[in-house]
Amino acid sequence: MTDMRAQDQLFDRRTSAREKYAALVVGRPGLGALIKHELVTLLSQNTPGALGLMLRKTLYPSLLGACGRNVIFGQNVVLRHPHKIRIGSDVVIDDNCLIDAKGRSNRGITIGNGVFIGRNTILSCKDGDIDIDDRANIGFNSEIFSASAVRIGSDTLIAAYCYLIGGDHDFSDPSQPILAQARRSSGVSVGTGAWLGAGAKVLDGVLIGDGAIVGAGAVVRESVPARAIAVGVPAKIVGQRDHRTNAD
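First, a word on scope: everything that follows refers to the structure included in this document.

How each quantity is defined
Residues numbered from 1 in each chain as written. Predicted model: local features only at pLDDT ≥ 70, side-chain atom pairs only at ≥ 80, totals over all residues. Heavy atoms only, no water. Pairing = 2+ DSSP bridges. Helix = DSSP H or I, 4+ residues; strand = E, 2+ residues; numbered from the N terminus. Axes fitted to C-alpha atoms, helices over the stretch in contact; angles between N-to-C directions. Left-handed = near helix turned anticlockwise from the far one by under 90°. Contact = heavy atoms within 4.5 Å. Nonpolar A, V, L, I, M, F, W, Y, C, P; charged D, E, K, R; others polar. Core = buried A, V, L, I, M, F, W, Y, C linked by side-chain atoms within 4.5 Å. Buried < 20%, exposed > 50% of the residue type's maximum accessible area, 1.4 Å probe, protein only. Expected span 1.5 Å × (residues − 1). Arc of directions from axis to C-beta. Salt bridge = Lys/Arg side-chain N within 4 Å of Asp/Glu carboxyl O. Patch = residues over 30% accessible without salt bridge, like charges linked within 9 Å, V, L, I, M, F, W, Y side chains within 5 Å. Areas by Shrake-Rupley, 256 points an atom, 1.4 Å probe, with all protein chains shown as cover. Phe/Tyr/Trp six-rings, centres within 6.5 Å; stacked < 30°, edge-to-face > 60°.

A few words on the sheet that holds strand E10 (residues 129-132). The seven strands are arranged E1-E4-E7-E10-E13-E18-E21 in an open sheet whose pairing can be described as parallel. At either end of the open sheet lies a strand with only one pairing partner, and these are strand E1 (66-67) and strand E21 (207-208). Bridging between strand E7 (residues 109-111) and E10 involves three bridges; their strand directions are parallel. Residue pairing across strands places Ile 109 opposite Ile 130, the latter belonging to E10.

Packed helices, taken two at a time, are described by their axes: the angle between them and the distance between them. Interaxial distance between helix H2 (residues 17-26) and helix H3 (residues 31-44) falls to 11 Å at its minimum, and their mutual angle equals 65 degrees. H2 and H3 meet at a crossing whose hand is left-handed. Residue-level contacts link Arg 18, Tyr 21, Val 25 and Val 26 of H2 to Leu 31, Ala 33, Leu 34, His 37 and Glu 38 of H3. Taken together, the residues that form the contact of H2 with H3 break down as six nonpolar, one polar and two charged.

Ile 93, Ile 111, Leu 164 and Ile 208 are the most contacted members of the largest nonpolar core, which has 46 residues in total. Contributing elements (two or more residues each) for this core: strand E4 (85-87), E7, strand E9 (122-125), E10, strand E13 (149-152), strand E18 (188-190) and strand E24 (228-231). Filtering out sequence-adjacent residues up to four positions away, Leu 164 remains in contact with Glu 143, Ile 144, Phe 145, Ile 152, Ile 158, Val 188, Val 190, Leu 196 and Val 202.

Here H3 is 14 residues long and its end C-alpha atoms lie 20 Å apart, about the 20 Å a rise of 1.5 Å per residue gives. Every buried residue of H3 is accounted for by Leu 34, His 37, Val 40, Thr 41 and Ser 44. Around the axis of H3, the buried residues are gathered within 140 degrees of arc, so they sit on the same side. Exposed side chains of H3 directed beyond 90 degrees from the buried face belong to Gly 32 and Leu 42.

As a further point, take the environment of Val 115. Examined against the element boundaries, Val 115 turns out to sit in the loop between E7 and strand E8 (116-117). Relative accessible area serves as the criterion here: at 1%, Val 115 is assigned to the buried category. C-alpha separation for the pair Val 115 and Asn 137, spaced 22 residues apart in sequence, amounts to 5.9 Å. Setting aside its immediate chain neighbours within four residues, Val 115 contacts Asp 90, Val 91, Val 92, Ile 132, Asp 133, Asp 134, Arg 135 and Ala 136.

For side chains of opposite charge, pairing can occur when their charged atoms come near one another. Under the criterion given, the structure shown has eight salt bridges. Lys 102 is the salt-bridge partner of Asp 100, the closest N and O atoms lying 2.8 Å from each other. Residue Asp 100 is classed as buried on the basis of its relative accessible area of 2%. Asp 133 is paired through a salt bridge with Arg 151; the nearest N and O atoms lie 3.0 Å apart. One end of the pair, Asp 133, is in the loop between E10 and strand E11 (137-138); the other, Arg 151, is in strand E13, with 18 residues separating them in the sequence. What emerges from the salt-bridge pattern is a single network uniting Arg 80, Asp 100 and Lys 102.

Taking strand neighbours across the sheet as the criterion, the nine strands line up as E2-E5-E8-E11-E14-E19-E22-E24-E25 in an open arrangement whose pairing is mixed. The open sheet terminates on both sides in strands that have one partner only, identified here as strand E2 (72-73) and strand E25 (236-240). Relative to E8, strand E5 (residues 92-93) is paired through two bridges, and the arrangement is parallel. Paired with Val 92 across the two strands is Phe 116, which belongs to E8.

Turning next to a nonpolar patch on the surface. Taken together, the side chains of Leu 31, Ile 35, Leu 39, Leu 42 and Leu 43 define a hydrophobic patch exposed on the protein surface, amounting to about 510 Å² of accessible area. Take Ile 35: it is sitting in helix H3.

Time to look at the packing of aromatic side chains. Scanning the entire structure with this criterion turns up two aromatic pairs. A ring pair is formed by Tyr 60 and Phe 73, whose centres lie 5.0 Å apart and whose planes are at 55 degrees; its orientation type is tilted. Note that Tyr 60 is positioned in the loop between helix H4 (49-59) and E1 and Phe 73 in strand E2, a separation of 13 residues in sequence. Since its relative accessible area comes to 1%, Phe 73 is described here as buried. Relative to Tyr 161, the ring of Phe 140 has its centre 5.6 Å away and its plane inclined at 80 degrees; by these criteria the two rings are edge-to-face. Taken together, the positions of Phe 140 in the loop between E11 and strand E12 (143-146) and Tyr 161 in the loop between strand E14 (157-158) and strand E15 (163-166) put the pair 21 residues apart, joining distant regions of the chain.

Purely geometric numbers; function is a separate question.
The structure is reproduced here in structure tokens:
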């Protein structure tokens, strides 16, 4: 089955503008849910300085599925389908991030305790789930996309400009545009204590083991074992993080 594109939803003549907005952004039907979402964002989303931080810390949790203590939301943090977003305690979501749990049947986005998400980062679901475990650190201008399941293990470091792509397009029928063909997804998993260097790209279906290192700019098409070091385009294993030498 082909996914409905965002532009198809936006220009669907069978639904009103309010219904389209609610489906894409709020994620819940009814005027009450829409009004609540709009009031919270109007009062706090773009408010600068300490006042804005205080307002978002106070108001944003009322939209979320769950929210722990001492969560900091930067200026212009955008929440979509926020009732499917669950956040632990002592979390920082920096300025201009998009946290989008969109989907008809997905569980959404779960962010553990002590997580840092750098500015301009996008967490985006399309009927998929994203789980970020405790103390993970995601650098600025990164994107994590899920059409099924993406997991980031605890204490994992993801540097700036990384892209984790938990989904792909079927292109088996050359007579049809790729956009008209079904989406497929196996998901992505990054283990505990791993490190992805700046600009790394992890493609759908890849598992990166505990403690593994992926070099800056690498394109990872195949799984990386625990504590392995992978670099290059496409990424290849060049070493192991243990006391043995390569000759051993």
